[in-house]
Amino acid sequence: MAFTKLSLIEPILKALATEGYTIPTPIQQKAIPLVLQQKDLLGCAQTGTGKTAAFAIPILQLLYQQKPLATGIKVLILTPTRELAIQIDESFAAYGRYTGIRHTVVFGGVSQLHQTNALKKGADILVATPGRLLDLMAQGYIRLDQLQIFVLDEADRMLDMGFIHDVKKVIAKLPAKRQTLFFSATMPPEIQKLANELLRHPSKVEVTPPSSTVEKIEQSLYHVGKMEKPELLMHLLQDKKIRTALVFTRTKHGADKVVKILHRHNVPAAAIHGNKSQNARQNALSDFKNGTLRVLVATDIAARGIDIDELTHVFNFELPNIPETYVHRIGRTGRAGNAGTAISFCSAEEKQN
Ligand code: AMP
């Protein structure tokens, strides 16, 4: 099925053509018509399934059909990390480029001046992380009394990262009459309870559970001594087919150590983790995306949701404890139909007794 079959308006179809998208992903096929019918939605999907466009496209269309638009924020997308917030805002820019609908993004870790200036110019759609949103609301820069659509993105991750209390504070400020779209890769009991509280007669859309997202990813495992891991990584990176590699470590310190080793071998690399400034992380990410950096070393939280087209290889320099984290990690490669390779290093200490 093509996008042209989804009753989308011309400015959006034109933007999708510019992006080179022709076929909607399964979640887009299912979710777009439901959101256009102004239904509440429970979406069980993780990053990599095309879920951003699944909500961004119909939201843009619903707003476009209201033109001329009243002032005030009409749509709020709440997401756990700055990287995701920036990517979602970029998606609204891409899909909404011919609609004239205004969007902006706020997130913590940077000065708020640039963000408050953008807010003063007016926005129809706001993408936000919870802490900075609450700060700016408390200071009177953001009002949500005109809100029509609320999107909660990566609800399970909000819980994992300790943001659920902030999320509930935001929800308490939203108008009761609204459309709510709720996305979560997993549905632990606390998240199910939150979904039940938030959604009114929701339509449920589920796509590829995590265990089946790995089909296009070739996985392999090396049993290797802890001290030999750097040497093995350097050896494997000699393969020129590895154009880009995302290397996972368990700790920030571990990430820095791997980068030092790569630099010693003249491999262009950088680390992204919570101790790096927002600027350093953004620079590393854009250098990686434009090919200046061949290797990006990341901890799980920093890498969550990072969207890198055509990432060919993921290395688990250290194995995660939780199976789901493994699935999330290797899901960074093999995106949107591309093939990917995931290589894990397992030392004796990491084997389960
Ligand atoms: P997401 O799950 O929203 O993070 O999207 C995953 C990736 O798929 C992003 O790089 C999108 O740009 C890309 N993408 C989303 N929808 C489509 C589509 N219909 N056709 C091709 N690529 C897409």
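Residues numbered from 1 in each chain as written. Predicted model: local features only at pLDDT ≥ 70, side-chain atom pairs only at ≥ 80, totals over all residues. Heavy atoms only, no water.

Within the protein chain, the regular secondary structure consists of 14 helices and 13 strands. Taken over C-alpha atoms, the radius of gyration comes to 21 Å for the protein chain, in line with the 20 Å a tight globule of 353 residues would show. Over its C-alpha atoms, taken along the principal directions, the protein chain stretches across nearly 60 × 45 × 40 Å. Taking all 353 residues of the protein chain together, 54% fall into the buried category. If you take every contact in the protein chain between residues at least 6 apart in sequence, the share linking residues at least 24 apart comes to 75%. For the protein chain, the distance from the average site of its 43 positive side-chain charges to the average site of its 32 negative ones is 4 Å. (Helix = DSSP H or I, 4+ residues; strand = E, 2+ residues; numbered from the N terminus. Rg over C-alpha atoms; globule rule 2.2 N^0.38 Å. Buried < 20%, exposed > 50% of the residue type's maximum accessible area, 1.4 Å probe, protein only. Contact = heavy atoms within 4.5 Å. Lys, Arg positive; Asp, Glu negative; His and termini not counted. Charge placed at Lys NZ, Arg CZ, Asp CG, Glu CD.)

The next thing to look at is the sheet that holds strand 12 (residues 313-316). If you trace the six strands from one edge of the open sheet to the other, you get 8-13-12-9-11-10, paired in parallel fashion. Single-partner strands in this sheet number two, and they are strand 8 (217-223) and strand 10 (269-272). The sheet shows a mean angle of 20° between the axes of neighbouring strands, taken without regard to direction. Its contacts with the sheet place helix 11 (residues 252-264) against strand 9 (245-248), strand 10 and strand 11 (295-298), and it is angled at close to 175° to strand 10. (Pairing = 2+ DSSP bridges. Axes fitted to C-alpha atoms, helices over the stretch in contact; angles between N-to-C directions.)

Here four bridges tie strand 3 (residues 103-106) to strand 4 (residues 125-128), and the two strands are oriented parallel to one another. Note that in strand 4 the partner of Val106 across the bridge is Ala128.

The next subject is the nonpolar core. Phe55 and Phe92 are the most contacted members of the largest nonpolar core, which has 42 residues in total. Among the elements of the structure, helix 1 (10-19), helix 2 (26-36), helix 3 (51-64), strand 2 (75-78), helix 4 (82-95), strand 4, strand 5 (149-152) and strand 6 (179-184) are those that each provide at least two residues to this core. For this core, the element with the most residues is helix 3, which contributes nine residues. Counting 30 residues, the second-largest nonpolar core is a separate cluster that includes Val106, Leu119, Phe150 and Ile171. (Core = buried A, V, L, I, M, F, W, Y, C linked by side-chain atoms within 4.5 Å.)

Taken as a whole, the protein chain is organised into domain 1 (3-206) and domain 2 (217-351). Averaged C-alpha coordinates put domain 1 and domain 2 at centres separated by 29 Å. The partner domain 2 presents 15 residues to the 17 residues of domain 1 that form the contact. Carbon and sulfur atoms supply 47% of the area that domain 1 and domain 2 bury against each other, a total of about 1500 Å² over both sides. For domain 1, the biggest contributors to the area lost against domain 2 are Glu83, Gln87 and Arg157; these three give 35% of the whole. Between Arg281 and Glu83 there is a salt bridge, and its shortest N-O distance comes to 3.1 Å. Counting the contacts that link domain 1 with domain 2 gives one residue pair in polar contact (both at pLDDT 80 or more). With five residues, helix 4 is the single largest residue contributor to the side of domain 1 that touches domain 2. (Domains from an automatic or database assignment. Buried area = accessible area lost by both parts, 1.4 Å probe. Salt bridge = Lys/Arg side-chain N within 4 Å of Asp/Glu carboxyl O. Polar contact = N/O pair within 3.5 Å; in protein donor to acceptor, adjacent residues only side chain to side chain.)

For His273, the position within the fold is in the loop between strand 10 and helix 12 (278-289). With a relative accessible area of 1%, His273 lands in the buried category.

Each pair of packed helices can be described by the angle between their axes along with the distance between the axes. In the contact formed by helix 2 and helix 3, the axes pass within 9 Å of each other and the chain directions differ by 25°. The angle between helix 2 and helix 3 places the two elements in the roughly parallel class. In the crossing of helix 2 with helix 3, the sense of the turn from one axis to the other is right-handed. Residue-level inspection shows Ile27, Gln28, Ala31, Ile32, Val35 and Leu36 of helix 2 in contact with helix 3, the latter providing Lys51, Ala53, Ala54, Ile57, Pro58, Gln61 and Leu62. For the contact of helix 2 with helix 3, the class distribution of residues is ten nonpolar, two polar and one charged. (Parallel < 35°, antiparallel > 145°, perpendicular 65-115°, else oblique. Left-handed = near helix turned anticlockwise from the far one by under 90°. Nonpolar A, V, L, I, M, F, W, Y, C, P; charged D, E, K, R; others polar.)

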